[in-house]
Amino acid sequence: MTAPSPARQALVVGATGIVGQNLAERLTAQGWDVHGLSRSGRAPGPGVHPVQADLADPAGLAAALEGLSPELVAITAWTRQATEAENIAVNGAAVRNVLQALEAAGSVRHAALMTGLKHYLGPFEAYAQGEMPDTPFHEDEPRLDAPNFYYAQEDELFAAAARAGFTWSVHRSHTVFGFAVGNAMNMVLTLSAYAAICKQLGRPFVFPGSSTQWNSVTDVTDADLLADQIIWAAATEAGHDQAFNTANGDVFRWRWLWPQLAAHFGVEWEGYEGRVRPLTESMAGTEDVWTGIAAEHGLVESDLGRIASWWHTDSDLGREIEVLTDMNKSRKAGFTQSRDSRDSFFRYVERYRAARIIP
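Residues numbered from 1 in each chain as written. Predicted model: local features only at pLDDT ≥ 70, side-chain atom pairs only at ≥ 80, totals over all residues. Heavy atoms only, no water.

1. Looking at the nonpolar core
Ranked by internal contacts, the top residues of the largest apolar core, which has 67 residues, are Y194, W254, L261 and W290. Ranked by residues supplied to this core, first place goes to helix 6 (residues 187-201) with 10 residues. Those residues within four positions of L261 in sequence are excluded, and the remaining contacts are L191, F205, W254, F345 and F346. Among the nonpolar cores identified, the runner-up in size contains 26 residues, and L55, L61, L99 and A111 belong to it. (Core = buried A, V, L, I, M, F, W, Y, C linked by side-chain atoms within 4.5 Å. Buried < 20%, exposed > 50% of the residue type's maximum accessible area, 1.4 Å probe, protein only. Helix = DSSP H or I, 4+ residues; strand = E, 2+ residues; numbered from the N terminus. Contact = heavy atoms within 4.5 Å.)

Below you can see the structure in the form of C-alpha cells.
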C-alpha cells in the first residue's frame, strides 16, 4: 500500500492577526500543514502549529523556523512605528528576515505579501496629501514620490524572489472586515464596541467621520476573500509575480450603511452634521464602561484596548477623499470571487457575539 503524500506546508506570518488568522484557517481546511508565526506564539486556530518569534530578531527567527520547509509563505504582519523612516526600517527588515531565514531550506515556491491602499494614498506622515492617482486605484499606477514602507516591503520581496527563484504576489487590501482580537486595525470590532458603549451610556451612535466619507462611494475587503486571493495567486500562473488590489467587488456609501448598523445594534444614530467627531475624542475615558459591559454580559475580554482601535477607524472614516479600488486586473487573471460588504460586516458581528467578545 502506498503511503499518503505529506501535506504541503505553509507558513503564515502574523497568524493571529485579522488576515493571518483567516488565511491559516482556510489553508488548514484545504489540507495544508500550516505553521502560524506570531510574536505571542499563540495558536491562531485548530490544526495550526504555533511558531513564536520576533520579526526584528534575525537569529531568533532563523532558530524558530529551523526545520520548516514551507512551499507557501504569506506575510500579513506589520508593526506601526513613530515615523515613516522607522516604519521602513522595521517592516522592510521583517520581510527580509523571514525570507532570509527560509533560504537555506530552499522550499519556498511562492511568497505572498499583504499591503494596502497606502500604496496609492501615501504613508501616515503624508497620508492623502499631494498628488495621488484618481479613483478607482489601478495596480499599474507609479509609486508616489514619498518614502513608504509598503514600497520597502515590496522591494525586499522582489529581491528575495530573484535570489531564491520563487514566485511572488502582492495583495493591496482596503479596510479589512474580519475576525481577530487585539488587532490594531479592526473596524468591525471597533464599531461594535462603540455601539455597545453608546447603548450603555444612552448616547446616539454618531458617525465619526468626514462629509466625504459619509457621502462618497467606498469599498472594503473581507478577510476571507483576501485569504482566498492569496491561495489562488500561489496556485495559479496568472497570479504569479503580480500585484493585485483586493476588495469585495461592491461599493456602498456610509450614509446608507450607518442606519443599518444602528438598527442591528439597537441604538439611535446620527450622521455627518457639519464636522468630524472622532472616536478618539468621544470614546476617551470609556475603559471602565467597557469593563462593566464585559462583566454584565460575561465577555471574554474586558480590556477595551484589545477590542477597539479608535485611531484606525478615525483614519478610515475621516478621510477627505473618495477611496475605492479597481478589481479588473484580478478578475481578468481568473480570480472572480466577491463578497457583499453589508453581509460581511454582520457576519463578523455575529461571530464576535458567538465568541462572547461583544454583547
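2. Description of the packing of aromatic side chains
Taken as a whole and judged by the stated rule, the model has 17 aromatic pairs. Between the aromatic rings of F158 and W168, the centroid separation amounts to 4.6 Å while the plane-to-plane angle is 45 degrees, which identifies the pairing as tilted. Here F158 is found in helix 5 (residues 149-164), whereas its partner W168 is found in strand 6 (residues 167-173), with 10 residues between them in sequence. Judged by its relative accessible area of 28%, F158 is partly exposed. In this structure W168 comes out as buried when scored by relative accessible area, which is 16%. Residue placement shows K118 over the ring face of W78; its charged tip is 5.6 Å from the ring centre. Positioned above the aromatic ring of Y348 is the side chain of R347, whose terminal nitrogen or guanidinium carbon lies 4.5 Å from the ring centre. (Phe/Tyr/Trp six-rings, centres within 6.5 Å; stacked < 30°, edge-to-face > 60°. Lys NZ or Arg CZ within 6 Å of the ring centre and 35° of its normal.)

3. Re the environment of N186
With respect to the helices and strands, the residue N186 is situated in the loop between strand 7 (176-177) and helix 6. For the pair N186 and T76, spaced 110 residues apart in sequence, the C-alpha separation works out to 14 Å. Setting aside anything within four residues of it in sequence, one finds N186 in contact with I18, G178, A180, S309, H312 and Y352. Side-chain polar atoms of N186 contact the backbone nitrogen of L189, separated by 3.1 Å. Engagement of the side chain of N186 in a polar contact is seen with the side chain of Y352, the distance being 2.9 Å. (Polar contact = N/O pair within 3.5 Å; in protein donor to acceptor, adjacent residues only side chain to side chain.)

4. Here's the deal with empty space enclosed by the protein
Counted under the stated rule, the structure contains 1 cavity of 30 Å³ or more. Of the voids in this model, the largest cavity is the one considered here, and its volume is about 50 Å³. The wall of the largest cavity is formed by H174, T175, M187, Q213, T218, D219, V220, W254, D316, L317 and R319. For the lining of the largest cavity, the per-class residue count stands at 4 nonpolar, 4 polar and 3 charged. (1 Å grid on protein atoms, 1.4 Å probe; cavity = no way out; pocket = protein on both sides within 12 Å on 5 of 7 lines; lining within 4 Å. Points joined across faces, edges and corners; volume = space filled by probe spheres on them. Nonpolar A, V, L, I, M, F, W, Y, C, P; charged D, E, K, R; others polar.)

5. Considerations on the pairing of strand 11 (residues 242-246)
Both faces of the sheet carry side chains from a regular strand, because those side chains alternate between them. Buried residues dominate strand 11, accounting for 4 of its 5 residues. When strand 6 meets strand 11, the two strands line up parallel, connected through 5 bridges. Paired with V170 across the bridge in strand 11 is A243. (Pairing = 2+ DSSP bridges.)

6. Structural notes on the side chain of D224
Within the secondary structure layout, D224 lies in helix 8 (residues 223-235). When its relative accessible area of 9% is taken as the criterion, D224 is described as buried. D224 has contacts with N22, R26, R339, R347 and Y348, leaving out every residue within four places of it along the chain.

7. Here we look at unusual backbone geometry
Looking along the chain, the bond that leaves T135 and enters P136 is cis, with omega of -5 degrees. With respect to the helices and strands, P136 occurs in the loop between helix 4 (118-121) and helix 5. For D241, which is not a glycine, the phi torsion comes out positive at approximately 55 degrees. If you trace the backbone, D241 turns up in the loop between helix 8 and strand 11. At R356, a residue that is not glycine, the phi angle is positive and equals roughly 55 degrees.

8. What about the packing of helix 3 (residues 84-103) against helix 5?
Where helix 3 contacts helix 5, the axes come no closer than 8 Å and their chain directions differ by 20 degrees. With respect to each other, helix 3 and helix 5 are oriented roughly parallel. Remark: the crossing between helix 3 and helix 5 carries right-handed chirality. Every residue of helix 5 that contacts helix 3 at E84, N87, I88, N91, G92, V95, R96, L99, Q100 and E103 is listed here: F149, A152, Q153, E156, L157, A160 and R163. By residue class, the composition of the contact of helix 3 with helix 5 is 7 nonpolar, 5 polar and 5 charged. (Axes fitted to C-alpha atoms, helices over the stretch in contact; angles between N-to-C directions. Parallel < 35°, antiparallel > 145°, perpendicular 65-115°, else oblique. Left-handed = near helix turned anticlockwise from the far one by under 90°.)

9. Some words on the packing of helix 2 (residues 58-65) against helix 3
At a closest axis distance of 9 Å, the pairing of helix 2 and helix 3 adopts a crossing angle of 45 degrees. One finds that helix 2 runs oblique with respect to helix 3. Seen along the crossing, helix 2 lies across helix 3 with a hand that is right-handed. Residue-level contacts link P58, L61, A62 and L65 of helix 2 to N97, V98, A101 and L102 of helix 3. Per-class residue counts for the contact of helix 2 with helix 3 are 7 nonpolar, 1 polar and no charged.

10. Quick notes on the pattern of salt bridges
Scanning the model with the defined rule gives 17 salt bridges in all. Ionic pairing is found between R96 and E156, a salt bridge with its closest N-O pair at 2.5 Å. Pair noted here: R96 is in helix 3 and E156 is in helix 5, with a separation of 60 residues, a long-range link. When its relative accessible area of 31% is taken as the criterion, R96 is described as partly exposed. Each of the salt bridges in this network shares a partner with another, and the network as a whole consists of R26, D222, D224, D228, R339 and R347. (Salt bridge = Lys/Arg side-chain N within 4 Å of Asp/Glu carboxyl O.)

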